[in-house]
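Descriptive analysis of the structure
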Amino acid sequence: MAKTRPGVPSKIKTGRKELDSYTIKGTNKVVRAGECVLMRPSDAGKPPYVARVEKIEADARNNVKVHCRWYYRPEESLGGRRQFHGAKELFLSDHFDVQSGHTIEGKCIVHTFKNYTRLENVGAEDYYCRFEYKAATGAFTPDRVAVYCKCEMPYNPDDLMVQCEGCKDWYHPGCVGMTIEEAKKLDHFVCAECSSDDDVKKSQNGFTASPADDVKITLASTALCAPLPCH
């Protein structure tokens, strides 16, 4: 199975009937429109493609076709993978396609970014999406995101960060002269800029889980925003 080129409509034969669901071949897993699936790539050495099923159809011979909207991995985008892209990050593209139902290998879940960061355990079927992506131009929506730490990078949920109890910003241990092991042992953290402030009060509850879980820091309220790189 291979993705068609974005912008090139697939030829769809008439006489098809729309189906409510499709059972993945060789399994008892049922796929419905709106759900996400793993699809077999043309290169056996590559990971499966991820797509959102838009519609399911069958012809008179009961050959099933799925209308899908592709998710792109960062390395498949024009800008490539960046430091802040997580291992399970996907971009919802504007690339639509029609594929045989037999190319579906399994189901998966594409979470919102915030919901993903709240997962207690991340399974093989768990992914997340925080950007929409235009395949032809390489443009992202949103084109501005909150950044953190001295390095002013967007949050990567794969990386440990610690929160300053003074300014409430988040920092990578390496950016503030700590190892990850040292950071894990911390009960409290105050950054260098806040360490001389006598009014900093230590929290009794430790840190919130992650920048994405901190309701005090949002894209709308933070002044630390930066455009994504141009491609």
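The residue numbering used here restarts from 1 in each chain and proceeds along that chain's sequence as written. Given that the model is predicted, a residue must reach a pLDDT of at least 70 before its local features are reported, and side-chain atom pairs must reach 80 or more before they are shown or counted; all residues, however, enter totals for whole chains, interfaces and linings. With hydrogens and water set aside, each side-chain value is computed from the structure's full complement of heavy atoms.

Within an unreviewed UniProt entry, the label attached to the chain reads BAH domain-containing protein, and the organism entered is Brassica campestris. Per UniProt, the comment on the chain under Sequence similarities (unreviewed entry) is "Belongs to the SHL1/EBS protein family." UniProt positions are given in the numbering used here, feature names are shortened, and annotations may be inferred rather than shown by experiment. Under the heading Subcellular location (unreviewed entry), UniProt records this for the chain: "Nucleus".

Another aspect to go through is the overall build of the chain. Working definition: helices are DSSP H or I runs of at least four residues, strands are E runs of at least two. Numbering for both runs from the N terminus. Secondary structure summary: the chain contains two helices and 14 strands in total. Sequence-distant contacts, at least 24 apart, represent 59% of the contacts inside the chain between residues at least 6 apart. Working definition of accessibility: Shrake-Rupley area with a 1.4 Å probe, residue cover restricted to the visible protein chains. Surface accessibility of the chain: about 13,300 Å² in total, with carbon and sulfur atoms responsible for 49%. Any two residues whose heavy atoms approach within 4.5 Å are treated as being in contact.

Two rings from Phe, Tyr or Trp (for Trp, the six-membered ring) form a pair when their centres are within 6.5 Å of each other. A pair whose planes differ by under 30 degrees is stacked, one over 60 is edge-to-face, and the rest are tilted. Summed over the entire model, instances satisfying the criterion amount to 11 aromatic pairs. Ring plane angle 75 degrees and centroid distance 6.1 Å describe the contact between F91 and F131, whose orientation is recorded as edge-to-face. With F91 in strand β7 (residues 89-100) and F131 in strand β9 (residues 126-133), the pair connects residues that are 40 residues apart, well separated along the chain. Note on accessibility: F91 and F131 belong to one class, buried. Residue exposure (1.4 Å probe, protein chains only): buried if accessible area is under 20% of the type maximum, exposed if over 50%, otherwise partly exposed.

Turning our attention to unusual backbone geometry. For the bond from T141 to P142, the omega torsion is -5 degrees, close enough to zero to count as cis. Structurally, P142 can be placed in the loop between β10 (140-141) and β11 (144-146). Of note in the backbone geometry, E152 takes a positive phi value of approximately 50 degrees without being a glycine. Relative to the assigned elements, E152 resides in the loop between β11 and β12 (162-163). Residues other than glycine seldom take positive phi values, yet K168 does so here, at roughly 70 degrees. With respect to the helices and strands, the residue K168 is situated in the loop between β12 and β13 (170-171). The class of K168 is partly exposed, set by a relative accessible area of 29%.

The next point concerns the nonpolar core. We call a set of buried residues a nonpolar core when its members are Ala, Val, Leu, Ile, Met, Phe, Trp, Tyr or Cys and they connect through side-chain atoms within 4.5 Å of each other. In terms of nonpolar packing, the biggest core is built from 24 residues, with V37, M39, W70 and I104 touching the most fellow members. Secondary structure elements with two or more residues in this core: β4 (36-39), β5 (49-58), β6 (64-72) and β9. C149, A183, C191 and C194 belong to the second-largest nonpolar core, a separate cluster that totals 17 residues.

The next point concerns the pairing of β7. What makes two strands pair is DSSP finding at least two bridges between them. Bridge analysis of β6 against β7 gives seven bridges, and the strand direction is antiparallel. In the strand pairing of β7, V66 is matched with Q99. Alignment of β7 against β9, held across five bridges, turns out to be parallel. If you follow E89 over to β9, its bridge partner there is Y128.

It is worth spelling out the environment of H188 at this point. By the secondary structure assignment, H188 is in the loop between α2 (180-184) and β14 (225-227). We define a polar contact as two N or O atoms separated by no more than 3.5 Å, with the added condition that, inside protein, one atom must be a possible hydrogen donor and the other a possible acceptor, whereas residues neighbouring each other in sequence contribute only through side-chain atom pairs. Looking at H188, its side chain comes within polar contact range of the side chain of E165, at 2.7 Å.

Attention now goes to the environment of D126. Mapped onto the secondary structure, D126 falls in strand β9. A sequence separation of 17 residues divides D126 from I109, and the C-alpha atoms of the two residues are 5.1 Å apart. Here the side chain of D126 touches G123 through a polar contact of 2.7 Å, landing on its backbone nitrogen.

Structurally, H85 can be placed in the loop between β6 and β7. Apart from residues no more than four positions distant in its own chain, H85 is found in contact with P74, G80, F91, Y128, R130 and N156.

As a further point, take the pairing of β6. Judged by how many residues are buried, β6 sits mostly within the fold: eight of nine residues are covered. In this sheet, β6 lies alongside β5 in antiparallel orientation, the contact comprising eight bridges. Each bridged residue has a counterpart across the sheet, and for A58 the counterpart in β6 is V64. Connecting β5 to the next strand, β6, in antiparallel fashion are five residues, including N62 with a positive phi near 65 degrees.

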